[in-house]
Amino acid sequence: GDGVSRNPSRGVVNINMLFHSGEVHIQVVDLNGREVYTAKNELFNSEKAIDLKAVESGIYVLRVSGEDLNYSQKIIKN
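Read on for a plain summary of the structure.

Some words on the pattern of salt bridges
Thinking step 1. Here the structure, examined in full by the defined rule, presents 3 salt bridges.
Thinking step 2. Two residues, Glu 42 and Lys 48, come together in a salt bridge whose shortest N-O distance is 2.8 Å.
Thinking step 3. You can call Glu 42 partly exposed: its relative accessible area is 24%.
Thinking step 4. Residue Asp 51 is joined to Lys 53 by a salt bridge in which the shortest nitrogen-to-oxygen separation is 3.7 Å.

Points about the environment of Asp 51
Thinking step 1. With respect to the secondary-structure elements, Asp 51 resides in strand β3 (residues 35–51).
Thinking step 2. Put simply, Asp 51 and Arg 10 are 41 residues apart on the chain and 9.4 Å apart in space, counted from C-alpha to C-alpha.
Thinking step 3. Beyond its immediate sequence surroundings of up to four residues, Asp 51 is in contact with Gly 11, Val 12 and Tyr 37.
Thinking step 4. In terms of polar contacts, Asp 51 uses its side chain to reach the backbone amide nitrogen of Lys 53, at 2.8 Å.

Conventions adopted
Residues numbered from 1 in each chain as written. Predicted model: local features only at pLDDT ≥ 70, side-chain atom pairs only at ≥ 80, totals over all residues. Heavy atoms only, no water. Salt bridge = Lys/Arg side-chain N within 4 Å of Asp/Glu carboxyl O. Buried < 20%, exposed > 50% of the residue type's maximum accessible area, 1.4 Å probe, protein only. Helix = DSSP H or I, 4+ residues; strand = E, 2+ residues; numbered from the N terminus. Contact = heavy atoms within 4.5 Å. Polar contact = N/O pair within 3.5 Å; in protein donor to acceptor, adjacent residues only side chain to side chain.

It is worth stressing that arrangement in space is one thing and function is another; only the former is reported here.
Structure below.
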């Protein structure tokens, strides 16, 4: 189904959304709302990997938004 694989992650997070394709905005924020990763107008087709190796360990919220799509999920970075 939809969601994130490899969670907790050591760095690379795979986002899976089987029925979505097109341009999306991917954002990862910490619990204080500070943006630690952003990718605008990324072409998305069912799956995408993002690299969070440079991000500190902790709990974050992944947001993926696009046409008819507004998805968020908590992710844990080891």
